[in-house]
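Architecture at a glance
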Amino acid sequence: MKNILVTGALGQIGSELVPALRQRYGAGKVIATDLKVLPPSGAAALAPYDHLDCTDPHQLHEAVRRHEIDAIYHLAALLSASAEAAPQFAWQVNMTGLYNVLEVARGYGCQVFFPSSIGAFGPSTPRDHTPQVTIQRPTTIYGVTKVAGELLCDYYASRFGIDTRGLRLPGLVSYVAAPGGGTTDYAVEMFYHALRYGRYTCFLSADTRLDMMYMPDAIAGMIHLMAADADRLRYRNAYNITAMSVTPEDIAAAIRQHIPSFDIDYDVDPVRQAIADSWPRSLDDSAAHADWDWAPHYDLSAMTADMLVRLEAKLKTAARKKRV
Ligand code: NAD
Ligand code: AKB
(Lines give C-alpha, C1' and ligand atoms only; values in the text may rest on other atoms or scores of the structure.)
(Ligands and ions follow the chains in the order given, each with its own letter.)
Protein backbone atom coordinates (compact mmCIF):
# COMPACT_ATOMS: atom_id res chain seq x y z
CA MET A 1 0.00 0.00 0.00
CA LYS A 2 1.23 3.48 -0.93
CA ASN A 3 2.31 6.27 1.45
CA ILE A 4 0.95 9.55 0.10
CA LEU A 5 2.00 13.15 0.78
CA VAL A 6 -0.36 16.05 0.01
CA THR A 7 1.04 19.60 -0.23
CA GLY A 8 -1.31 22.59 0.24
CA ALA A 9 -3.61 20.19 2.12
CA LEU A 10 -5.54 22.89 4.01
CA GLY A 11 -6.91 24.55 0.86
CA GLN A 12 -10.22 24.15 -0.98
CA ILE A 13 -9.20 20.88 -2.69
CA GLY A 14 -6.94 19.42 0.02
CA SER A 15 -9.66 19.73 2.68
CA GLU A 16 -11.68 17.14 0.74
CA LEU A 17 -8.89 15.20 -1.00
CA VAL A 18 -7.13 14.20 2.25
CA PRO A 19 -10.23 12.60 3.86
CA ALA A 20 -11.06 10.84 0.57
CA LEU A 21 -7.52 9.44 0.25
CA ARG A 22 -7.54 8.38 3.92
CA GLN A 23 -10.83 6.58 3.46
CA ARG A 24 -9.43 4.71 0.45
CA TYR A 25 -5.84 4.00 1.55
CA GLY A 26 -5.94 4.26 5.38
CA ALA A 27 -5.60 7.30 7.66
CA GLY A 28 -1.96 6.67 8.60
CA LYS A 29 -0.91 6.39 4.96
CA VAL A 30 -1.81 9.96 3.97
CA ILE A 31 0.40 12.79 5.27
CA ALA A 32 -1.32 16.18 5.08
CA THR A 33 1.11 19.13 4.79
CA ASP A 34 0.69 22.89 4.36
CA LEU A 35 2.49 26.18 4.88
CA LYS A 36 -0.05 27.08 7.56
CA VAL A 37 1.08 26.47 11.13
CA LEU A 38 -1.74 24.78 13.04
CA PRO A 39 -2.18 24.98 16.82
CA PRO A 40 -1.31 21.62 18.48
CA SER A 41 -5.00 20.67 18.79
CA GLY A 42 -5.59 21.40 15.07
CA ALA A 43 -2.51 19.43 14.00
CA ALA A 44 -3.57 16.51 16.25
CA ALA A 45 -7.07 16.49 14.72
CA LEU A 46 -5.55 16.33 11.22
CA ALA A 47 -2.72 13.89 12.08
CA PRO A 48 -0.56 12.87 10.40
CA TYR A 49 0.03 16.57 9.63
CA ASP A 50 3.37 18.31 8.96
CA HIS A 51 4.10 21.99 8.47
CA LEU A 52 5.83 22.09 5.05
CA ASP A 53 6.84 24.96 2.75
CA CYS A 54 7.14 23.44 -0.73
CA THR A 55 9.53 26.21 -1.83
CA ASP A 56 12.09 24.77 0.61
CA PRO A 57 13.65 21.66 -1.01
CA HIS A 58 15.13 20.45 2.29
CA GLN A 59 11.75 20.34 4.02
CA LEU A 60 10.31 18.35 1.10
CA HIS A 61 13.22 15.87 1.00
CA GLU A 62 13.00 15.37 4.76
CA ALA A 63 9.22 14.76 4.72
CA VAL A 64 9.41 12.32 1.79
CA ARG A 65 12.36 10.45 3.36
CA ARG A 66 10.89 10.30 6.87
CA HIS A 67 7.42 9.14 5.79
CA GLU A 68 8.72 6.84 3.01
CA ILE A 69 6.45 8.54 0.49
CA ASP A 70 5.47 6.81 -2.79
CA ALA A 71 3.08 9.41 -4.24
CA ILE A 72 2.74 13.21 -3.97
CA TYR A 73 -0.43 15.21 -4.68
CA HIS A 74 1.08 18.67 -5.15
CA LEU A 75 -1.74 21.16 -4.50
CA ALA A 76 0.19 24.14 -3.04
CA ALA A 77 -0.08 27.15 -5.37
CA LEU A 78 -1.40 30.69 -5.71
CA LEU A 79 -4.66 30.86 -7.70
CA SER A 80 -5.35 33.20 -10.61
CA ALA A 81 -6.52 36.40 -8.87
CA SER A 82 -4.01 36.12 -5.99
CA ALA A 83 -1.23 35.37 -8.49
CA GLU A 84 -2.08 38.41 -10.62
CA ALA A 85 -1.80 40.58 -7.49
CA ALA A 86 1.70 39.21 -6.73
CA PRO A 87 3.23 37.78 -9.94
CA GLN A 88 6.82 37.37 -8.69
CA PHE A 89 5.66 35.57 -5.54
CA ALA A 90 3.30 33.41 -7.64
CA TRP A 91 6.21 32.30 -9.83
CA GLN A 92 8.20 31.42 -6.71
CA VAL A 93 5.43 29.34 -5.09
CA ASN A 94 3.98 27.76 -8.23
CA MET A 95 7.19 27.03 -10.15
CA THR A 96 9.83 26.54 -7.45
CA GLY A 97 7.34 24.43 -5.51
CA LEU A 98 6.65 22.14 -8.48
CA TYR A 99 10.33 21.92 -9.43
CA ASN A 100 11.18 20.87 -5.85
CA VAL A 101 8.41 18.26 -5.88
CA LEU A 102 9.60 16.81 -9.20
CA GLU A 103 13.22 16.74 -8.03
CA VAL A 104 12.33 14.94 -4.81
CA ALA A 105 10.16 12.55 -6.86
CA ARG A 106 13.19 11.88 -9.08
CA GLY A 107 15.32 11.13 -6.02
CA TYR A 108 12.83 8.82 -4.30
CA GLY A 109 10.88 7.41 -7.28
CA CYS A 110 7.54 9.00 -6.31
CA GLN A 111 4.44 9.28 -8.47
CA VAL A 112 3.29 12.95 -8.83
CA PHE A 113 -0.14 14.52 -9.31
CA PHE A 114 -0.12 18.10 -10.68
CA PRO A 115 -3.36 20.14 -10.86
CA SER A 116 -3.32 22.31 -13.97
CA SER A 117 -6.30 24.50 -14.86
CA ILE A 118 -8.49 26.03 -17.54
CA GLY A 119 -6.15 28.95 -16.79
CA ALA A 120 -3.45 27.16 -18.82
CA PHE A 121 -5.24 28.43 -21.94
CA GLY A 122 -5.36 31.99 -23.31
CA PRO A 123 -7.21 34.28 -25.70
CA SER A 124 -5.71 32.66 -28.83
CA THR A 125 -6.96 29.19 -27.75
CA PRO A 126 -10.21 27.98 -29.40
CA ARG A 127 -12.76 28.93 -26.70
CA ASP A 128 -15.46 26.32 -27.36
CA HIS A 129 -14.83 22.58 -27.00
CA THR A 130 -11.18 23.48 -26.39
CA PRO A 131 -9.19 20.46 -27.63
CA GLN A 132 -6.79 18.42 -25.47
CA VAL A 133 -3.86 19.51 -27.63
CA THR A 134 -4.13 23.12 -28.77
CA ILE A 135 -2.63 26.63 -28.53
CA GLN A 136 -1.57 27.47 -24.95
CA ARG A 137 -0.55 31.12 -24.69
CA PRO A 138 -2.12 32.35 -21.42
CA THR A 139 -1.94 36.05 -20.55
CA THR A 140 -1.95 35.61 -16.74
CA ILE A 141 1.02 34.70 -14.54
CA TYR A 142 -1.14 31.89 -13.12
CA GLY A 143 -1.59 30.47 -16.62
CA VAL A 144 2.09 30.88 -17.42
CA THR A 145 2.98 28.81 -14.32
CA LYS A 146 0.37 26.18 -15.26
CA VAL A 147 1.68 25.76 -18.85
CA ALA A 148 5.29 25.72 -17.62
CA GLY A 149 4.24 23.21 -14.95
CA GLU A 150 2.57 20.96 -17.52
CA LEU A 151 5.72 21.05 -19.68
CA LEU A 152 7.94 20.31 -16.69
CA CYS A 153 5.78 17.28 -15.79
CA ASP A 154 6.06 16.07 -19.40
CA TYR A 155 9.83 16.55 -19.28
CA TYR A 156 10.30 14.65 -16.00
CA ALA A 157 8.14 11.81 -17.38
CA SER A 158 10.04 11.46 -20.67
CA ARG A 159 13.56 12.35 -19.44
CA PHE A 160 13.61 10.67 -16.01
CA GLY A 161 10.70 8.20 -16.19
CA ILE A 162 8.79 9.90 -13.36
CA ASP A 163 5.13 8.82 -13.22
CA THR A 164 3.57 12.31 -13.53
CA ARG A 165 -0.19 12.70 -13.98
CA GLY A 166 -2.27 15.88 -14.20
CA LEU A 167 -5.69 17.40 -14.78
CA ARG A 168 -6.73 20.72 -16.27
CA LEU A 169 -9.39 21.45 -13.67
CA PRO A 170 -12.26 23.88 -14.23
CA GLY A 171 -13.65 26.13 -11.46
CA LEU A 172 -14.52 23.98 -8.45
CA VAL A 173 -17.66 24.40 -6.35
CA SER A 174 -17.56 23.10 -2.78
CA TYR A 175 -18.84 23.72 0.75
CA VAL A 176 -16.12 22.28 3.04
CA ALA A 177 -13.39 24.95 2.65
CA ALA A 178 -13.60 28.40 1.08
CA PRO A 179 -11.87 28.95 -2.27
CA GLY A 180 -8.43 30.54 -2.14
CA GLY A 181 -8.27 33.57 -4.45
CA GLY A 182 -9.43 32.42 -7.88
CA THR A 183 -11.52 33.93 -10.67
CA THR A 184 -14.19 31.21 -10.39
CA ASP A 185 -14.68 31.86 -6.64
CA TYR A 186 -17.89 33.74 -7.51
CA ALA A 187 -19.68 30.42 -8.05
CA VAL A 188 -19.00 29.29 -4.46
CA GLU A 189 -19.72 32.74 -2.98
CA MET A 190 -23.11 32.77 -4.71
CA PHE A 191 -24.28 29.71 -2.73
CA TYR A 192 -23.10 31.16 0.62
CA HIS A 193 -24.78 34.51 -0.09
CA ALA A 194 -27.99 32.87 -1.33
CA LEU A 195 -28.39 31.05 1.99
CA ARG A 196 -27.18 33.87 4.26
CA TYR A 197 -28.63 36.98 2.60
CA GLY A 198 -30.90 35.83 -0.25
CA ARG A 199 -28.90 37.97 -2.67
CA TYR A 200 -25.46 38.21 -4.29
CA THR A 201 -23.43 40.85 -6.15
CA CYS A 202 -21.31 39.01 -8.72
CA PHE A 203 -17.85 40.26 -9.81
CA LEU A 204 -18.12 38.66 -13.28
CA SER A 205 -20.72 39.69 -15.87
CA ALA A 206 -23.99 37.73 -16.18
CA ASP A 207 -23.03 35.98 -19.44
CA THR A 208 -19.43 34.97 -18.58
CA ARG A 209 -19.37 31.30 -19.58
CA LEU A 210 -16.77 29.02 -17.92
CA ASP A 211 -16.41 25.34 -17.12
CA MET A 212 -17.26 24.29 -13.56
CA MET A 213 -17.31 21.08 -11.54
CA TYR A 214 -18.63 19.93 -8.16
CA MET A 215 -15.80 18.95 -5.80
CA PRO A 216 -16.78 15.24 -5.38
CA ASP A 217 -16.26 14.75 -9.13
CA ALA A 218 -12.89 16.53 -9.05
CA ILE A 219 -11.68 14.42 -6.09
CA ALA A 220 -12.86 11.19 -7.76
CA GLY A 221 -11.12 12.27 -10.98
CA MET A 222 -7.77 12.88 -9.24
CA ILE A 223 -7.81 9.57 -7.37
CA HIS A 224 -9.02 7.65 -10.42
CA LEU A 225 -6.34 9.16 -12.71
CA MET A 226 -3.56 8.33 -10.21
CA ALA A 227 -4.76 4.70 -10.07
CA ALA A 228 -5.25 4.38 -13.86
CA ASP A 229 -3.34 1.90 -16.02
CA ALA A 230 -0.15 3.77 -17.05
CA ASP A 231 -0.08 2.07 -20.46
CA ARG A 232 -3.38 3.75 -21.44
CA LEU A 233 -2.23 7.32 -20.61
CA ARG A 234 -1.28 9.27 -23.74
CA TYR A 235 -0.69 12.55 -21.87
CA ARG A 236 1.62 13.13 -18.89
CA ASN A 237 1.17 16.92 -18.66
CA ALA A 238 -2.56 17.21 -17.88
CA TYR A 239 -5.95 15.97 -19.16
CA ASN A 240 -8.86 18.32 -19.90
CA ILE A 241 -11.84 17.47 -17.68
CA THR A 242 -15.18 19.20 -17.23
CA ALA A 243 -18.68 18.66 -15.87
CA MET A 244 -20.66 21.75 -16.98
CA SER A 245 -20.23 24.99 -18.94
CA VAL A 246 -22.22 27.72 -17.17
CA THR A 247 -22.67 31.47 -16.66
CA PRO A 248 -23.40 33.30 -13.36
CA GLU A 249 -26.99 33.73 -14.62
CA ASP A 250 -27.28 29.93 -15.14
CA ILE A 251 -26.15 29.25 -11.55
CA ALA A 252 -28.50 31.93 -10.20
CA ALA A 253 -31.41 30.34 -12.11
CA ALA A 254 -30.51 26.90 -10.67
CA ILE A 255 -30.45 28.37 -7.15
CA ARG A 256 -33.86 30.01 -7.79
CA GLN A 257 -35.31 26.53 -8.34
CA HIS A 258 -34.79 26.07 -4.57
CA ILE A 259 -34.85 29.70 -3.30
CA PRO A 260 -37.31 31.49 -5.64
CA SER A 261 -36.65 34.93 -4.09
CA PHE A 262 -32.87 34.74 -4.69
CA ASP A 263 -31.65 37.95 -6.30
CA ILE A 264 -28.39 38.63 -8.18
CA ASP A 265 -26.84 41.83 -9.49
CA TYR A 266 -23.47 42.61 -11.04
CA ASP A 267 -20.53 44.84 -10.13
CA VAL A 268 -17.83 43.69 -12.54
CA ASP A 269 -14.22 43.57 -11.35
CA PRO A 270 -12.15 44.40 -14.47
CA VAL A 271 -9.13 42.33 -13.37
CA ARG A 272 -11.04 39.09 -12.78
CA GLN A 273 -13.33 39.71 -15.79
CA ALA A 274 -10.25 40.04 -18.04
CA ILE A 275 -8.89 36.77 -16.67
CA ALA A 276 -12.23 34.97 -17.24
CA ASP A 277 -12.52 36.42 -20.77
CA SER A 278 -9.12 34.92 -21.65
CA TRP A 279 -10.21 31.38 -20.64
CA PRO A 280 -12.17 28.73 -22.60
CA ARG A 281 -15.97 28.64 -22.45
CA SER A 282 -16.00 24.83 -22.58
CA LEU A 283 -13.40 22.05 -22.70
CA ASP A 284 -13.37 18.90 -24.81
CA ASP A 285 -12.58 16.12 -22.31
CA SER A 286 -12.90 13.19 -24.71
CA ALA A 287 -9.23 12.18 -24.22
CA ALA A 288 -9.88 11.67 -20.48
CA HIS A 289 -13.02 9.62 -21.28
CA ALA A 290 -11.04 7.46 -23.70
CA ASP A 291 -7.81 6.98 -21.72
CA TRP A 292 -9.00 6.47 -18.13
CA ASP A 293 -12.81 6.33 -18.27
CA TRP A 294 -13.43 9.82 -16.83
CA ALA A 295 -17.14 10.49 -16.23
CA PRO A 296 -18.57 13.21 -13.93
CA HIS A 297 -21.72 12.53 -11.90
CA TYR A 298 -22.98 16.05 -11.12
CA ASP A 299 -24.56 18.42 -13.63
CA LEU A 300 -25.65 21.95 -12.63
CA SER A 301 -29.00 20.90 -11.23
CA ALA A 302 -27.64 17.94 -9.19
CA MET A 303 -24.75 20.06 -7.89
CA THR A 304 -27.03 22.92 -6.87
CA ALA A 305 -29.44 20.65 -4.97
CA ASP A 306 -26.63 18.89 -3.07
CA MET A 307 -24.63 22.07 -2.43
CA LEU A 308 -27.62 23.92 -0.91
CA VAL A 309 -28.58 21.05 1.41
CA ARG A 310 -25.03 20.47 2.67
CA LEU A 311 -24.08 24.12 2.97
CA GLU A 312 -27.28 24.95 4.85
CA ALA A 313 -26.53 22.13 7.33
CA LYS A 314 -22.96 23.40 7.73
CA LEU A 315 -24.05 27.01 8.33
CA LYS A 316 -26.69 25.88 10.88
CA THR A 317 -24.11 23.81 12.79
CA ALA A 318 -21.69 26.76 12.82
CA ALA A 319 -24.43 29.10 14.10
CA ARG A 320 -25.40 26.58 16.85
CA LYS A 321 -21.74 26.29 17.96
CA LYS A 322 -21.45 30.08 18.08
CA ARG A 323 -24.50 30.31 20.39
CA VAL A 324 -23.18 27.82 23.01
P1 NAD B 1 -6.16 26.97 -2.18
O2 NAD B 1 -5.66 28.35 -2.41
O3 NAD B 1 -7.51 26.78 -1.58
O4 NAD B 1 -5.13 26.16 -1.27
C5 NAD B 1 -3.73 26.22 -1.51
C6 NAD B 1 -3.03 25.81 -0.22
O7 NAD B 1 -1.63 25.88 -0.48
C8 NAD B 1 -3.35 26.72 0.96
O9 NAD B 1 -3.79 25.97 2.07
C10 NAD B 1 -2.00 27.40 1.26
O11 NAD B 1 -1.77 27.61 2.64
C12 NAD B 1 -1.02 26.37 0.69
N13 NAD B 1 0.26 26.96 0.32
C14 NAD B 1 0.52 28.17 -0.24
N15 NAD B 1 1.84 28.36 -0.38
C16 NAD B 1 2.45 27.23 0.07
C17 NAD B 1 3.80 26.81 0.18
N18 NAD B 1 4.81 27.60 -0.20
N19 NAD B 1 4.05 25.58 0.68
C20 NAD B 1 3.05 24.77 1.09
N21 NAD B 1 1.73 25.12 1.04
C22 NAD B 1 1.44 26.35 0.53
O23 NAD B 1 -6.06 26.21 -3.58
P24 NAD B 1 -6.96 24.99 -4.10
O25 NAD B 1 -8.19 25.57 -4.68
O26 NAD B 1 -7.04 23.93 -3.09
O27 NAD B 1 -6.07 24.53 -5.36
C28 NAD B 1 -5.09 23.53 -5.25
C29 NAD B 1 -4.44 23.37 -6.62
O30 NAD B 1 -5.44 23.10 -7.61
C31 NAD B 1 -3.71 24.62 -7.13
O32 NAD B 1 -2.56 24.22 -7.84
C33 NAD B 1 -4.69 25.26 -8.09
O34 NAD B 1 -4.04 26.01 -9.08
C35 NAD B 1 -5.35 24.04 -8.67
N36 NAD B 1 -6.70 24.32 -9.21
C37 NAD B 1 -7.70 24.70 -8.37
C38 NAD B 1 -8.96 24.99 -8.89
C39 NAD B 1 -10.10 25.42 -8.00
O40 NAD B 1 -11.15 25.84 -8.53
N41 NAD B 1 -9.98 25.32 -6.68
C42 NAD B 1 -9.16 24.88 -10.27
C43 NAD B 1 -8.10 24.55 -11.09
C44 NAD B 1 -6.87 24.24 -10.55
C1 AKB C 1 -9.07 30.08 -10.43
O2 AKB C 1 -10.14 30.69 -10.69
O3 AKB C 1 -7.96 30.61 -10.35
C4 AKB C 1 -9.15 28.58 -10.25
C5 AKB C 1 -8.91 27.91 -11.54
C6 AKB C 1 -10.01 27.70 -12.48
O7 AKB C 1 -7.80 27.55 -11.82
N8 AKB C 1 -10.43 28.26 -9.68
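All of the points below concern the structure found in this document.

Definitions and limits used
Residues numbered from 1 in each chain as written. Chains lettered and ligands numbered in written order. Predicted model: local features only at pLDDT ≥ 70, side-chain atom pairs only at ≥ 80, totals over all residues. Heavy atoms only, no water. Buried < 20%, exposed > 50% of the residue type's maximum accessible area, 1.4 Å probe, protein only. Helix = DSSP H or I, 4+ residues; strand = E, 2+ residues; numbered from the N terminus. Pairing = 2+ DSSP bridges. Salt bridge = Lys/Arg side-chain N within 4 Å of Asp/Glu carboxyl O. Polar contact = N/O pair within 3.5 Å; in protein donor to acceptor, adjacent residues only side chain to side chain. Contact = heavy atoms within 4.5 Å. Axes fitted to C-alpha atoms, helices over the stretch in contact; angles between N-to-C directions. Parallel < 35°, antiparallel > 145°, perpendicular 65-115°, else oblique. Left-handed = near helix turned anticlockwise from the far one by under 90°. Nonpolar A, V, L, I, M, F, W, Y, C, P; charged D, E, K, R; others polar. Near = heavy atom within 4 Å. Areas by Shrake-Rupley, 256 points an atom, 1.4 Å probe, with all protein chains shown as cover. Right-handed = clockwise from strand over helix to strand, strands pointing away. Phe/Tyr/Trp six-rings, centres within 6.5 Å; stacked < 30°, edge-to-face > 60°. Lys NZ or Arg CZ within 6 Å of the ring centre and 35° of its normal.

This part covers the pairing of strand β9 (residues 210-214). Taking burial as the measure, the five residues of β9 include five buried ones, the bulk of the element. In the sheet, β9 pairs with strand β11 (residues 244-246) via three bridges, with the strands oriented antiparallel. When the bridges of β11 are listed, M212 appears paired with M244.

Here the focus is the pattern of salt bridges. In this structure the tally under the stated criterion is 15 salt bridges. For D128, the salt bridge is made with R281, and the minimal N-O distance between the two is 3.0 Å. Of this pair, D128 sits in the loop between β5 (111-117) and α6 (141-160) while R281 sits in the loop between α10 (270-277) and α11 (286-292), placing them 153 residues apart in sequence. Its relative accessible area of 40% is what places D128 among the partly exposed residues. Salt bridges sharing common partners tie together D50, E62, R65 and R66.

The next thing to look at is the side chain of T242. If you trace the backbone, T242 turns up in the loop between β10 (239-240) and β11. A polar contact is formed between the side chain of T242 and the side chain of D211, at a distance of 3.0 Å. The contact partners of T242, leaving out residues within four places of it in the chain, are P170, D211, M212, M213, L283, D285, W294 and P296.

Quick look at the packing of helix α7 (residues 185-196) against helix α9 (residues 248-256) now. Packed helices, taken two at a time, are described by the angle between their axes plus the distance between the axes. It is at 11 Å that the axes of α7 and α9 come closest, and there the two elements cross at 30 degrees. Relative to α9, α7 is oriented roughly parallel. Two packed elements cross with a definite hand, and for α7 against α9 that hand is right-handed. Here Y186, A187, M190, F191 and A194 of α7 lie close against α9, whose contacting residues are P248, I251, A252 and I255. The residue inventory of the contact of α7 with α9, partitioned by class, reads nine nonpolar, no polar and no charged.

This next bit is on the site of ligand 1. The environment of ligand 1 is formed by 27 residues, the closest being Q12, I13, D34, Y142 and K146. Between L172 and ligand 1, the recorded distance is 3.0 Å, taken from a backbone N or O atom to an oxygen atom. Considered on its own, ligand 1 offers 820 Å² of accessible surface; in the complex 93% of this is hidden by protein. Secondary-structure elements contributing two or more residues to the shell around ligand 1 are β5, α6 and β7 (171-173). Per-class residue counts for the shell around ligand 1 are 15 nonpolar, eight polar and four charged.

The next point concerns the pairing of β5. Extensive coverage of β5 is indicated by the burial of seven of its seven residues. Side chains Q111, F113, P115 and S117 of β5 all project onto a buried face; the interleaved residues V112, F114 and S116 project onto the opposite face, where all are buried too. Taken together, the three bridges between strand β4 (residues 71-74) and β5 define a ladder with parallel strand orientation. By the bridge assignment, Y73 is partnered in β5 with F113. Bridging between β5 and strand β6 (residues 164-169) involves six bridges; their strand directions are parallel. Paired with S117 across the strands is L169, a residue of β6. Since β5 and β6 lie parallel, the crossover through α6 that links them has a hand, and here it is right-handed.

The next thing to look at is the packing of aromatic side chains. Following the criterion strictly, the structure yields nine aromatic pairs and no others. Each ring, one from Y73 and one from F113, has its centre 5.6 Å from the other, and the planes form 35 degrees; the classification is tilted. Here Y73, found in strand β4, pairs with F113, found in strand β5; they are 40 residues apart in sequence, far enough to count as distant. For Y73, a relative accessible area of 2% translates into the label buried. Pairing Y155 with F160 gives two aromatic rings, centres 5.9 Å apart and planes at 90 degrees, and the pair type is edge-to-face. Overall, F160 belongs to the partly exposed group, its relative accessible area being 33%. Directly above the ring of F160 sits R106, whose terminal nitrogen or CZ lies 5.0 Å from the centroid.

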